[in-house]
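# What the coordinates show
These are the residues of each chain, in order.
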Amino acid sequence: MTTTSPEAPEAPEVPEAPEETIAGARERIDVLDDRIIGLIQERMAVSAVVQQTRITSGGRRVHLSREMEILGRYREALGKPGTPLAMTLLELCRGRI
């Protein structure tokens, strides 16, 4: 005769203290911010290549219809606050016009 031992009930999960939750979330935000900053710096470098290539080939430094596409893309993805975010990003990448 085979006997089966009853499984021990799982211990209830102890919730983290709010301070621990906040500290962990803030650490994650810091990691995300570092990644975002790195991506912006990479975008700035790529944008510089595009601008230099455009100037070298006799074109204008800024392509306004392309910028309007970018503004629309950010607005669509992020709502109304996406527009000033995109404007700031464009200014970082191409300078003031």
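In the block above lies the structure referred to throughout.
Heads up: these notes are all about the structure in this document. Computed from a prediction, not measured in an experiment: that's the story for all the values here. Think of each chain on its own: its residues are numbered from 1, step by step along the sequence as written. Whole-chain, interface and lining totals are the exception, using all residues; otherwise, since this is a predicted model, local features are given only for residues with pLDDT of at least 70 and side-chain atom pairs are given and counted only at 80 or more. The side-chain figures draw on all heavy atoms in the structure; neither hydrogens nor water molecules are used.

Next up on the list: a negative patch on the surface. A residue counts toward a patch only above 30% relative accessible area and without a salt bridge, and it is joined to like-charged neighbours within 9 Å or, for Val, Leu, Ile, Met, Phe, Trp and Tyr, to nonpolar neighbours within 5 Å. Only the protein chains shown count as covering a residue, and every accessible area follows the Shrake-Rupley method with a 1.4 Å probe. What makes a salt bridge here is a side-chain nitrogen of Lys or Arg within 4 Å of a carboxyl oxygen of Asp or Glu, nothing more. Charged residues are defined narrowly, with Lys and Arg counted positive, Asp and Glu counted negative, and His plus the chain ends left uncounted. In this description, the location of a charge corresponds to atom NZ of lysine, CZ of arginine, CG of aspartate or CD of glutamate. On the surface, Glu-13, Glu-16, Glu-19 and Glu-20 cluster together to form a negatively charged patch. For every residue, the accessible area obtained with a 1.4 Å probe (protein chains only) is divided by the maximum for its type, and the residue is called buried under 20%, exposed over 50%, and partly exposed between those limits. Judged by relative accessible area, Glu-19 falls into the exposed class, the value being 58%.

Here the largest pocket defines a volume of roughly 240 Å³. Put simply, the grid is 1 Å and covers the protein atoms alone, a cavity is a trapped set of points that fit a 1.4 Å probe, a pocket is an open set with protein on both sides within 12 Å along at least five of seven lines, and lining residues have an atom within 4 Å of a point. In terms of lining residues, the largest pocket is bounded by 14 residues, among which Arg-43, Ser-47, Arg-54, Arg-66 and Ile-70 are the most central. We count a stretch as a helix when DSSP gives it H or I for four or more residues in a row; a strand needs E for two or more, and each element gets its number in order from the N terminus. Elements that contribute at least two residues to the lining of the largest pocket include exactly helix H1 (18–56), helix H2 (64–78) and helix H3 (82–94). Looking at which element gives the most residues to the lining of the largest pocket, the answer is H1, with six residues. The classification used treats Ala, Val, Leu, Ile, Met, Phe, Trp, Tyr, Cys and Pro as nonpolar, Asp, Glu, Lys and Arg as charged, and all other residues, Gly among them, as polar. Looking at the lining of the largest pocket, its residues break down into five nonpolar, three polar and six charged. Grid points are joined across faces, edges and corners, and a volume is the space filled by probe spheres set on the points.

Note that every value here comes from positions in space, so none of it alone points to a role or purpose.
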